[in-house]
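# Observations on the model geometry
Here is how the chains run, residue by residue.
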Amino acid sequence: MYRKVDLRPINKQLDFFQYANKLLLSDHATGLQIKEFARKNAANALSVANMVMGMASILSSLNGHHHAACWLVLIGYLLDLADGAVARRLDACSALGAKLDDFADFTTFGIATSLLLRTSDLLDNVLCMCYVLSVFVRLCFFSSGIPFMYRGLPCIYSSAILASASLLSGGNMTVLRVIAVAMILFMISQNFYPHDKVLESQTWKKVVYAGGVAMVFCSSFPPACVYYLLWSISYILFPTSLWSCKL
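This section reports on the structure supplied with the text. (Residues numbered from 1 in each chain as written. Predicted model: local features only at pLDDT ≥ 70, side-chain atom pairs only at ≥ 80, totals over all residues. Heavy atoms only, no water.)

### Describing helix α5 (residues 155-169)
Condition: Each helix corresponds to a stretch of at least 4 residues labelled H or I by DSSP, and each strand to a stretch of at least 2 residues labelled E; elements are numbered beginning at the N terminus. Helix span, as expected, comes to 1.5 Å for every residue beyond the first.
Over its 15 residues, α5 runs 21 Å from end to end, which matches the ideal 21 Å to within 8%, given 1.5 Å per residue. Note on α5: the residue one or two positions beyond its end, glycine 170, has a positive phi of about 70 degrees.

Laid out in structure tokens, this is it:
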């Protein structure tokens, strides 16, 4: 007579291995989805971080923390230079990203920067509004129609100059008024400026960017903001010879 073999343990083992295999495949698919989500939204995260810096700067200005408000604008400056480079590097440019970038720029380099000019004087408040409007006009209407060129000074540079000058002068309003008027005129001018793809160009520009990051950690040292001032002024004085995108 034949003995009847119990196959149930073998079937259970097969079921276990099949379940484990499905679980591994599911985890792999989930991992791929997470990586794809991160790839598509890395640049958007930088834009949101820029916007957060702008909002934090606004709150700092309203609460009288002038030093923090200026440095938060400068951190936003670094984030704005990085988000476009990351989007192009990861092939993740999108309409949503472009809108987020504009919202972040308006928050940080429009509203937050204008509040560095705010006093109880009526004329200073009018200057604040004029500055915000010039950033709005610059962002909305000043498309050059020429590849790799801006029309009007990009607002990140005018903001960096104002924030740096404010730190260096201790918030001297006479100095800031003169600079603000000059920056407004530069932003609404018809002059052309090259796209500043700092992180996608020559090595020395990447070193300049890395230096800007390092200066953030030296924010308690007053001359640190001179770095941003010279960087931004050089873009105005030598836009083509120094800062044109040469890949």
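### Regarding the packing of helix α2 (residues 66-89) against helix α7 (residues 203-216)
Put simply, the rule reads: To obtain an axis, a line is fitted to C-alpha atoms, over the contacting stretch when the element is a helix, and the angle between two such axes runs from 0 to 180 degrees between their N-to-C directions. Small angles under 35 degrees read as roughly parallel and large ones over 145 as roughly antiparallel, with 65 to 115 read as roughly perpendicular and the rest as oblique. Handedness of a helix crossing follows the sense of rotation of the near helix relative to the far helix, less than a right angle counterclockwise being left-handed and clockwise being right-handed. We call two residues contacting when some pair of their heavy atoms lies within 4.5 Å. For this classification, Asp, Glu, Lys and Arg are treated as charged, while Ala, Val, Leu, Ile, Met, Phe, Trp, Tyr, Cys and Pro are nonpolar and the rest, including Gly, are polar.
One way to put it is that α2 packs onto α7 with a least axis distance of 11 Å and a crossing angle of 150 degrees. As summarised for this structure, α2 and α7 are arranged roughly antiparallel, according to the angle between their axes. For the pair α2 and α7, the sense of crossing is left-handed. Judged by residue contacts, Trp71, Ile75, Leu78, Leu79, Leu81 and Ala82 of α2 engage Tyr209, Gly212, Val213, Met215 and Val216 from α7. Class assignment of the residues belonging to the contact of α2 with α7 gives a composition of ten nonpolar, one polar and no charged.

### Digging into the pattern of salt bridges
Selection rule: Should a side-chain nitrogen of Lys or Arg be within 4 Å of a carboxyl oxygen of Asp or Glu, the pair is scored as a salt bridge. Partly exposed residues are those whose accessible area sits between 20% and 50% of the maximum for their type, while under 20% is buried and over 50% is exposed, using a 1.4 Å probe and protein chains only.
Across all of its chains, the model carries two salt bridges by this definition. Notably, a salt bridge pairs arginine 88 with glutamate 200, separated by 2.7 Å at the nearest N-O pair. Of the two residues, arginine 88 is situated in helix α2 and glutamate 200 in the loop between β2 (192-194) and α7; the sequence distance between them amounts to 112 residues. The class of arginine 88 is partly exposed, set by a relative accessible area of 38%. Given a relative accessible area of 24%, glutamate 200 falls into the partly exposed group. Among the ionic pairs, arginine 177 bridges to aspartate 124, the shortest N-O distance being 2.6 Å. In this pair, arginine 177 sits in helix α6 (residues 173-187) while aspartate 124 sits in helix α4 (residues 122-141), placing the two residues 53 residues apart along the sequence. Exposure remark for arginine 177: the relative accessible area of 33% places this residue in the partly exposed category.

So, to be careful, I would describe these as geometric facts and stop short of saying anything about function.
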